[in-house]
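Analysis of the macromolecular model
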Amino acid sequence: MLKSTIIFHLLFIFAFAQTNVTIKDTSLSESNISQPDGQKAIHKVLIPIKRVYKTSNLIENNISDVEYTPYVDVTLYPFYDFNNSLTHGITSYTLAFVNSPHNMNACIPTWSNNAEFSFDNYYFSIKKEVKRFKDNNARMIISFGGAIAGDDELSHSCKNVENLLGAYRFIIKKTGVKRFDFDVEGDNLHDVQNIHKMMLALKKLQDIDKDIEISFTIPAEVYIGLEPQTLNLVKQAKEVEVKVKTYNLMLMDYGEAYRANNANKTTMADYSIKILKKVNQQFHTLYDTNTTHSQINGEYYYSLGAIAMIGQNDTKNEIFYINDAKKLAKFCKKNNIYKTSIWALNRDKAISKNEKKMKHLEQSSKLPIKLYGKGKYEFSKIFQKSSNY
């Protein structure tokens, strides 16, 4: 994730099986307690749901645990100050990105494809962050891949399932973190063999440790939703029976679809919501075996995450404004989208005077104060309201 990040980091480095469907009919369903059949629930939060479908590899997320977990580019200089955002009440983070060393073809986990940013380096071992988060009751996800991955993605560099499994276990041993996100995009989405290798390694990892949490971050298109190669990743996870917490959709860089309809004043939030609805329908096709779309009331939203690129997107003229965040957050809260996130927390601020002449997008949202606001973490404040953590 994302085009501008690739350029910046390169410069910095060189300077199911099908299952039976259980249906429970009810007009009102308890949002966060799974009740035995025939037992009446005591409702704390009532959410209208027509049916509840249990599938083989989608984890039944607890709606009371819905979280906002923004991405942080941990190798971007100046290095991110977690103390600042912790004091603003941000208590869940996705740290990006782990791959292998650039052009070394080595099965060694490193941050941002840089051999110097290995987990044996004290700072990049994130031991301080792990302790700081624990002291502040905060949570952490480690994200792999991203747009910078290319051939340095671990499933490409690690030649077999056992080596790849060893790399994942090495990170757990070094950090104690058991929440992994896999940002698969670009050419890596077309690499069916390596995706299968990844799924087999993740299945073995979860067999070894039931506490391992897996999510995938994937691209989506306005009118298509998930393209065939992306659907293949979802299908492989289903077939191998990797337990998936969420599929997080990259809601950004819409290109021609945005330009074609911009005259109609369709906003970035409008497109984001279209995508979430479309992918929800695709999940019904993939997971429901005996029903049609019209019979469902959106249960698969709880398996989705929404990731917005705040402010200026990579694509020219595409800007995700504060009002877009409000509209998207409202939809996510109403429909029980399990996770919201942004790219990236490093950017959740107005553009500075010194930055106005710079073309890269890493340091801010690129929005002036009059459009962003006078404070910090203005986007985060909005998405925090749609979460419980």
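The rules behind the values
Residues numbered from 1 in each chain as written. Predicted model: local features only at pLDDT ≥ 70, side-chain atom pairs only at ≥ 80, totals over all residues. Heavy atoms only, no water. Helix = DSSP H or I, 4+ residues; strand = E, 2+ residues; numbered from the N terminus. Buried < 20%, exposed > 50% of the residue type's maximum accessible area, 1.4 Å probe, protein only. Areas by Shrake-Rupley, 256 points an atom, 1.4 Å probe, with all protein chains shown as cover. Axes fitted to C-alpha atoms, helices over the stretch in contact; angles between N-to-C directions. Parallel < 35°, antiparallel > 145°, perpendicular 65-115°, else oblique. Left-handed = near helix turned anticlockwise from the far one by under 90°. Contact = heavy atoms within 4.5 Å. Nonpolar A, V, L, I, M, F, W, Y, C, P; charged D, E, K, R; others polar. Core = buried A, V, L, I, M, F, W, Y, C linked by side-chain atoms within 4.5 Å. 1 Å grid on protein atoms, 1.4 Å probe; cavity = no way out; pocket = protein on both sides within 12 Å on 5 of 7 lines; lining within 4 Å. Points joined across faces, edges and corners; volume = space filled by probe spheres on them.

**Things to note about the overall build of the protein chain**
Each helix and strand in the protein chain was counted, giving 12 helices and 16 strands. Split into buried and exposed, the 389 residues of the protein chain put 56% on the buried side. Put simply, the protein chain shows about 17600 Å² of open surface, and 52% of that area lies on carbon and sulfur atoms.

**Notes on the packing of helix α5 (residues 161-175) against helix α6 (residues 192-208)**
Relative to each other, α5 and α6 sit at 50°, their axes nearing to 9 Å. Between α5 and α6, the angle falls in the class oblique. Regarding α5 and α6, the two cross each other, and that crossing is right-handed. On α6, the residues that touch Val161, Glu162, Leu164, Leu165, Tyr168, Arg169 and Ile172 of α5 are Lys197, Met198, Leu200, Ala201, Leu202, Lys204, Leu205 and Ile208. Classifying every residue of the contact of α5 with α6 gives 11 nonpolar, no polar and 4 charged.

**Things to note about the nonpolar core**
Grouped together as the largest cluster of nonpolar side chains are 92 residues, with contacts concentrated most on Tyr168, Phe216, Tyr247 and Leu276. Counting residues per element, this core draws most heavily on helix α9 (residues 268-287), at 9 residues. Beyond its immediate chain neighbours, meaning those up to four positions away, Tyr168 contacts Phe144, Leu154, Phe180, Phe182, Met198, Ala201, Leu202 and Leu205. Counting residues in hydrophobic clusters, the runner-up holds 11 residues, among them Ala96, Met252, Met309 and Leu361.

**Some thoughts on empty space enclosed by the protein**
In this model, the largest cavity occupies a volume close to 60 Å³. As for the largest cavity, its lining consists of Val72, Val74, Tyr80, Phe82, Tyr123, Phe124, Ile126 and Glu129. When grouped by side-chain class, the residues that make up the lining of the largest cavity number 7 nonpolar, no polar and 1 charged. Counted as a void, the second largest cavity has a volume near 50 Å³. Taken together, Glu153, Ser155, His156, Val184, Asn188, Asp191, Asn194, Ile195 and Met198 make up the lining of the second largest cavity. For the lining of the second largest cavity, the secondary-structure elements that each account for two or more residues are α4 (154-157) and α6. The element that contributes the greatest number of residues to the lining of the second largest cavity is α6, accounting for 3 residues. Grouping the amino acids of the lining of the second largest cavity by side-chain chemistry returns 3 nonpolar, 4 polar and 2 charged.

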